[in-house]
Amino acid sequence: MKSRAAKTLSDLIDPRRAAIGVALAAVACVAVPAILSPYWLYLAITSVIGAVVMQSYGVIVGRAGVMSLCQLSFAAIGAWVVMRLNLADAPGGLIVWVVLGGLAAAPVGMLIGLPALRVRGVNLAVITFGAAVSTDIVLGAKQFPGTEELKTVARPAAFSTNANYFVLVVIVFTVIALALAALDKTRLGRSWLELRHSERMAASHGISVARSKLAAFAISAFVAGVGGGLMAGQLGLVVAGNFAMGQSVTLFAIAILIGPHHPEGALMSGVFGAAMATILEKVRLPQDLGGIVFGIVPIFALRSGMSQTDFTRNRKRLAKARKQRDAAPAADRERADAGPPAERTVGAPARPIGTGPALEVTGLTVRYGPVTALDAVDLTVPAGAVVGLIGPNGAGKSTFISAVGGFLGTLPGTVRLDGVPIDRLAPQVRAARGLRRTFQTTLIAPELTQYEYLDIGAGRRLERAEADELLEFFGCPVGDLPVSIVDAGTRRLLDVAAAIAARPAVALLDEPAAGQSAAESRRLAERLARVPERYGVSVLLVEHDMELVRVACREVTVLDFGHVIATGPTEQVLRDPAVTAAYLGSSDTADGAASATALVTPTG
Ligand SMILES: Nc1ncnc2c1ncn2[C@@H]1O[C@H](COP(=O)(O)OP(=O)(O)OP(=O)(O)O)[C@@H](O)[C@H]1O
């Protein structure tokens with residue numbers, strides 16, 4: 001049986017899909033030039049080149065979720081390089097020039113991507129639009145090389161006719177589509193998906209948000225540059241108007257609407273972008289209608305939160321997954337209800353547990369303006385322990401997790417992991433060093449499957465047996481189910497499994513039992529108590545469920561208004577009158593009253 005861990009080409013590219021894609025491309029290469037008149041063939045070439053440019057939107061907008069409005073500026077760079085090399089009769093010919101054009105655009109993409117490290121959303125859109133405006137101004141003032149001399153771009157002999165040039169652009173489109181599909185399966189591709197949903201989640205899995213975004217800008221600029229170069233090859237001479245900033249915005253709207261991160265979406269977008277004006281002309285409708293349609297329709301896509309191709313693919317995937325789930329043997333569900341297997345026989349070995357504290361926090365202070373959320377908090381998680389962090393609502397528990405995880409920047413106080421100071425490190429570096437966290441609100445990308453999410457968490461490709469063992473242990477349905485069909489409570493457990501999959505020194509778990517029934521919560525508590533011995537991971541557990549805390553934690557620290565009011569063995573701390581008083585102080589909330597009752601009435 002083939003191992004999941006061995007990353008072969010067929011792991012990166014679905015052979016069936018790739019074969020279908022290549023076959024369709026081959027049919028198009030034969031049929032389109034044979035069927036279409038020269039006019040429509042020319043339009044078909046324009047559409048496929050448009051589709052290549054849209055593939056660049058597919059990377060930056062569709063995959064990474066970054067609002068970029070200057071993709072045509074990158075295309076202009078590609079075209080410029082091709083025209084310059086053509087004017088100089090540089091060696092290599094058009095195909096080499098096109099690649100060089102893409103390579104020239106990539107660093108410019110990274111440069112424009114630098115502000116994206118600090119700003120996002122509309123602000124970033126404005127910055128990228130500024131780049132498009134600057135390109136417009138520069139191109140308006142300076143002509144493309146070769147236009148004065150009227151030296152048109154020389155096509156290679158094999159692609160000199162339009163019929164053959166169509167074949168070339170289809171090949172380029174197909175190669176890019178296959179390369180991007182393979183990239184989707186790599187850690188970089190998955191990191192884009194996480195970025196699109198939550199940068200904090202990505203950082204918590206050890207992913208560098210900066211590197212992933214810059215890579216998205218560079219790759220998307222490369223693809224757009226290739227598109228621009230092909231455009232120069234098609235037209236012979238290009239002018240500033242071919243890359244107008246307004247066009248960049250229209251293509252962005254098409255990207256949001258159609259979803260060019262899927263090959264069929266890129267093609268549809270290319271056809272729309274290139275042929276819309278002609279179709280309107282043919283049916284005798286005013287050209288302005290195109291602009292109005294592209295202004296209004298994306299609003300619907302934004303409201304559904306999905307592009308057209310995502311919507312269609314999602315529906316198919318959900319239907320398939322529901323069938324898969326309903327067909328799951330009853331035994332599987334029963335197993336989730338029973339206790340976990342006594343011994344772990346698969347997967348990576350447990351992390352060796354040290355002797356000193358796994359996590360040692362001293363004097364940690366966090367202020368949000370006038371609110372002191374944490375005031376010189378000390379807390380230790382001994383190696384091999386599950387320690388509870390409890391306290392009424394607003395006590396500072398989540399702030400503590402974020403602060404220790406590095407999500408609130410550099411703060412007063414020290415944080416040591418396995419004896420090594422980590423308090424000056426970025427969140428993704430802390431995660432990579434062995435400090436993982438989960439969030440109160442999980443934002444797992446619904447496009448992922450359970451296995452894919454565990455792979456992201458682990459930072460490596462897990463064996464199927466190892467993935468199933470983790471899922472089973474934490475009470476998730478076993479198998480590679482799409483995340484979109486598992487309920488919110490199960491997603492939290494999946495989050496915990498993904499954190500543990502990385503074998504960190506310490507996992508900070510923020511209310512993992514929220515959304516679980518009392519019985520499920522009890523089961524989770526029993527399993528969490530066994531995490532150190534089973535996986536070698538020490539745990540800090542934030543919870544409101546006192547029954548769970550009692551079963552899972554051997555020690556507890558209690559926070560109230562950002563101060564530690566008690567710390568020590570669980571039962572002793574829960575009987576502390578100061579702790580009960582802190583909870584009763586918040587008994588105006590249902591949570592506080594319930595927790596205060598649970599503190600004094602152990603049910604274990
Ligand atoms: N981003 C923020 N800006 C300003 N104040 C904040 C922010 N986040 C938290 N706080 C405040 O800091 C204090 C601690 O909040 P925190 O969310 O850490 O408490 P908690 O113990 O996790 O509460 P809960 O149990 O309800 O999750 C509260 O007074 C809260 O209002």
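Higher on the page you've got the structure.
Treat the numbers as computed from the prediction; the structure is a model and nothing was measured.

A closer look at the site of the ligand
So, point 1. In the vicinity of the ligand there are 13 residues, among which Gly394, Lys397, Ser398, Thr399 and His544 approach most closely.
So, point 2. Contact between the ligand and Thr399: an oxygen atom at 2.5 Å from a side-chain N or O atom of the residue.
So, point 3. The separation between an oxygen atom of the ligand and a polar side-chain atom of Gln440 is 3.0 Å.
So, point 4. Isolated, the ligand exposes 630 Å² of accessible area, and the fraction of that covered by the protein chains is 60%.
So, point 5. Take the shell around the ligand: its biggest share by element is three residues, from helix α16 (residues 397–405).

Looking at the pattern of salt bridges
So, point 1. Inspection of the entire model under this criterion finds 15 salt bridges.
So, point 2. Of the charged contacts in the structure, one is a salt bridge between Glu469 and Arg534, with a shortest N-O distance of 2.7 Å. Taken as a pair, Glu469 in helix α19 (residues 464–473) and Arg534 in helix α22 (residues 531–535) lie far apart in primary sequence, 65 residues in all.
So, point 3. Note on Glu469: relative accessible area 9%, which makes it buried.
So, point 4. What makes Arg534 buried here is its relative accessible area of 6%.

As for the side chain of Glu543
So, point 1. Tracing the backbone shows Glu543 in the loop between β8 (538–542) and α23 (546–552).
So, point 2. For the buried Glu543, no salt bridge is present, and the opposite-charge side chain at shortest range is Arg492, 6.7 Å distant.
So, point 3. Only 2.8 Å separates the side chain of Glu543 from the backbone nitrogen of Ala513, close enough to count as a polar contact.
So, point 4. Polar side-chain contacts of Glu543 include one of 3.1 Å to the backbone nitrogen of Asp545.

Regarding the nonpolar core
So, point 1. Counting 130 residues, the largest nonpolar core has Tyr165, Leu230, Phe243, Phe474, Ile500, Leu528 and Val531 as the members making the most contacts within it.
So, point 2. A per-element tally of this core places helix α3 (residues 38–63) first, with 13 residues.
So, point 3. Looking at which domains feed residues into this core, each of domain 1 (16–245) and domain 2 (357–600) supplies at least three.
So, point 4. Residues within four places of Ile500 in sequence aside, it is in contact with Leu470, Phe474, Ala507, Val531, Tyr535 and Val537.

Focus: the pairing of strand β4 (residues 414–417)
So, point 1. The alternating pattern of β4 places Val415 and Leu417 on a buried face and Thr414 and Arg416 on a face that is not buried.
So, point 2. Bridge count between strand β1 (residues 357–368) and β4: four bridges; the pairing is antiparallel. Note that in β4 the partner of Thr362 across the bridge is Thr414.
So, point 3. Where β4 and strand β5 (residues 420–421) come together, two bridges link them in antiparallel fashion. In the sheet register, Leu417 faces β5, and the bridge partner there is Val420.

Some details on the sheet that holds strand β3 (residues 386–390)
So, point 1. If you trace the six strands from one edge of the open sheet to the other, you get β6-β7-β8-β3-β9-β10, paired in mixed fashion. At either end of the open sheet lies a strand with only one pairing partner, and these are β6 (435–437) and β10 (563–569). Put simply, the sheet's adjacent strands are angled 15 degrees from each other on average, direction ignored.
So, point 2. Bridge count between strand β9 (residues 555–560) and β10: six bridges; the pairing is antiparallel. Its bridge partner lying in β10, Leu559 is registered against Val564.

What counts and how
- Residues numbered from 1 in each chain as written.
- Predicted model: local features only at pLDDT ≥ 70, side-chain atom pairs only at ≥ 80, totals over all residues.
- Heavy atoms only, no water.
- Near = heavy atom within 4 Å.
- Polar contact = N/O pair within 3.5 Å; in protein donor to acceptor, adjacent residues only side chain to side chain.
- Areas by Shrake-Rupley, 256 points an atom, 1.4 Å probe, with all protein chains shown as cover.
- Helix = DSSP H or I, 4+ residues; strand = E, 2+ residues; numbered from the N terminus.
- Salt bridge = Lys/Arg side-chain N within 4 Å of Asp/Glu carboxyl O.
- Buried < 20%, exposed > 50% of the residue type's maximum accessible area, 1.4 Å probe, protein only.
- Lys, Arg positive; Asp, Glu negative; His and termini not counted.
- Core = buried A, V, L, I, M, F, W, Y, C linked by side-chain atoms within 4.5 Å.
- Domains from an automatic or database assignment.
- Contact = heavy atoms within 4.5 Å.
- Pairing = 2+ DSSP bridges.
- Axes fitted to C-alpha atoms, helices over the stretch in contact; angles between N-to-C directions.

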